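What follows is the residue order along each chain.
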Amino acid sequence: MVKYVLQRLGIGLVTLFVLVAITFTMTKLMPGSPLQSKNVTGAVLEKMEAKYGLDKPPVQQFFIYCANLLRGDLGMSYKKVGTNVSDIIANSIGPTMRLGLVTFCMTLVIGVGIGILMARTRSNFIKGIWLSGLTLGVSVPNFIIALLLMIIFGVQLRWFPILGLATPMHFVLPAIAQGLYPISAVARLTQSSFEEVMKQDYVTMARAKGLSARVITFRHILKNALLPVITYMGPMVAFLLTGSVVIENLYTIPGIGKEFVNAITNHDYTLVMGITIFIGGIIIVCNLLADLICSFVDPRIKNSR
Amino acid sequence: MNEERERLFRKLSREEKNDEMIAVESQTFLQAAWKNFKKNKRALVSGIVLLVVIALAIFGPMMVRYSYETQDPSARNMSASAQHWFGTDKFGRDIFVRILYGARISLMVGLVAAVINLAFGTIYGGISGYAGGKVDMMMMRVVDIIYSVPSMLYVVLIMLLFGASVTSVMIGISISSWIEMARIVRQEVLSLKEQEFTMAAFVLGASGKRILLKHLILNAMGPIIVTVTFMVPQAIFTEAWLSFLGIGISAPLASWGTLAQDARALIEVYPMQTVYPMLAICITIFAFNFVGEGLGRALDPKSKR
């Protein structure tokens, strides 16, 4: 167990380091200096370069950057003068987290629910309808769902507000737009593993003992059928974070995704770098956690690797 | 005596003789696959739709009256009519024509990304699976590390480095999407190389390269083709998504994502202008997905019912 955890941690750390190295190299390869557009020359330019640490050789800059990173300092924004990248991230992570959390919980409840319903229906026709719905859910791109919801429920029917996250009503459309894909994925996962577990001997045994359907469903089957869903939670966080870039732009939510796109269009290199590393880091950590939880819940996993 | 025999027995015609044959007609791999594919109506219809979309993308722009950048101030924001099939945008450009040109860009991005993935993923996965042991372990660790960073971040970094253009979109998409292909090919090669025909080829003195290319990869062609078919819509989606955020392909060139982005500002007044490009994206992505699904069933000998 300890060896497995250490091994996974090691891989996670290496990945994080590679990510930092790649982003750093990329920003160094960018044409032109970030200070070029400021119309500064001579002594002022030198002073500014010294301030941002641009006068040192790239390798040394990299190590300084890494050391700062360990202290949680991601450098200064090039375009928003005087603000720290870490502060920008800290200020914009709130809305993203709130929306993400709502979507996350909604996905788990609805996705698992649909999965159970599907596994328990005996009618192939109804199952077919569910299946086509889920296929639709995984293949329509998220920005198209978001736009369609916006046009139909926001613009035409005016049922829900479409700007910002001020009230609970504001969460409805973005959460659905963001959640449709993970809900479909979770439902499929739950359904197939639920059906698998339903065939096990101990379920027949429980039924023979005369336990109620509810107890069998939740205590015997669901507990074992949820493993793939737990593994999927890591990628799901990744999906929600990257998806937030689109959703936040469409619904004008001042979160990290919106900040990211702004940074890209403004060529604010340090901010792009900082957010890239931040998002990448969260995703790596979440994947790691999902793997560890899984091996903790199901000891068979670590033995099979 | 002869008469008696003729009364009791009758000579069989050739067809009647063959009635007793139980074996089916022998088919080549492709014939069998095509026969299976035809049975799947959804996949067949999708295939036809795809051919139409591709034909429209290639020949459509040659046959229309307007160019994608001709602006007509007298015909702004018109709704659909016989003159302008899908109406015009805020500059008076014909939306149908712009969608035709957009199809060229979107399909090209999809196809190029798929070809790069095919070449790189197959070779990488093939070598990794065939070599096995330490080489395989190292190669797969590298893949794990690249894979754990979401592809969005690579695309964004590449766009920053090379500027927003069709080429950088294609490079960005290809950077991480070949990994799926590499994993699938490796898996196939791992199981195929243990089979007798590989041993036979080895005993006959075939070189490693020949075994890998002619025997292993050729036998893994089914899953490879299916994966490629699924990669095209993924690439189209990624491009549309980037352009939609305004960090992909920029004016006057227009992919479907750019068109949706352009029309977004006027979504409350002219929602149809966003709907057309979105429909184009959805139809293409669906068609590719269904064809991929059909191919998957047709090319997998185990799924024959």
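Each value, and the rule that gives it
Residues numbered from 1 in each chain as written. Chains lettered and ligands numbered in written order. Predicted model: local features only at pLDDT ≥ 70, side-chain atom pairs only at ≥ 80, totals over all residues. Heavy atoms only, no water. Phe/Tyr/Trp six-rings, centres within 6.5 Å; stacked < 30°, edge-to-face > 60°. Helix = DSSP H or I, 4+ residues; strand = E, 2+ residues; numbered from the N terminus. Buried < 20%, exposed > 50% of the residue type's maximum accessible area, 1.4 Å probe, protein only. Axes fitted to C-alpha atoms, helices over the stretch in contact; angles between N-to-C directions. Parallel < 35°, antiparallel > 145°, perpendicular 65-115°, else oblique. Left-handed = near helix turned anticlockwise from the far one by under 90°. Contact = heavy atoms within 4.5 Å. Nonpolar A, V, L, I, M, F, W, Y, C, P; charged D, E, K, R; others polar. Buried area = accessible area lost by both parts, 1.4 Å probe. Salt bridge = Lys/Arg side-chain N within 4 Å of Asp/Glu carboxyl O. Polar contact = N/O pair within 3.5 Å; in protein donor to acceptor, adjacent residues only side chain to side chain.

A. Structural view of the packing of aromatic side chains. Taken as a whole and judged by the stated rule, the model has 12 aromatic pairs over all chains. Ring centres of F24 of chain A and Y65 of chain A lie 5.9 Å apart, and the angle between their planes is 45 degrees; this geometry places the pair in the tilted category. Placement of the pair is F24 of chain A in helix α1 (residues 2-29) and Y65 of chain A in helix α3 (residues 58-70), with a sequence separation of 41 residues. Accessibility expressed as a relative area gives 9% for Y65 of chain A, which makes it buried. Aromatic pair Y124 of chain B and W178 of chain B: ring centres 5.0 Å apart, planes at 65 degrees, arrangement edge-to-face. With Y124 of chain B in helix α5 (residues 95-131) and W178 of chain B in helix α8 (residues 166-192), this pair connects stretches of sequence that are 54 residues apart. Owing to a relative accessible area of 8%, W178 of chain B belongs among the buried residues under this scheme.

B. Representation of the packing of helix α7 (residues 168-198) of chain A against helix α9 (residues 213-225) of chain A within the structure. Residues and elements named next belong to chain A. It is at 8 Å that the axes of α7 and α9 come closest, and there the two elements cross at 120 degrees. Taken together, the axes of α7 and α9 are oblique relative to one another. In terms of crossing hand, the pair formed by α7 and α9 is right-handed. Each of S193, F194, V197 and M198 in α7 lies in contact with α9, whose residues at this interface are T217, H220, I221, L222, N224 and A225. Across the contact of α7 with α9, the residue classes break down as 6 nonpolar, 4 polar and no charged.

C. Representation of the interface of chain A and chain B within the structure. Chain A puts 43 residues into the contact, and the matching count from chain B is 33 residues. Between chain A and chain B lies a buried interface of about 3,500 Å² when both sides are counted; carbon and sulfur atoms form 86% of it. Here chain A and chain B share 0 salt bridges between them. Connecting chain A to chain B are 0 residue pairs in polar contact (both at pLDDT 80 or more). At the level of secondary structure, the elements contributing two or more residues to the side of chain A that touches chain B comprise α1, α5 (124-139), α6 (142-156), α10 (227-250), α11 (256-266) and α12 (269-297) of chain A.

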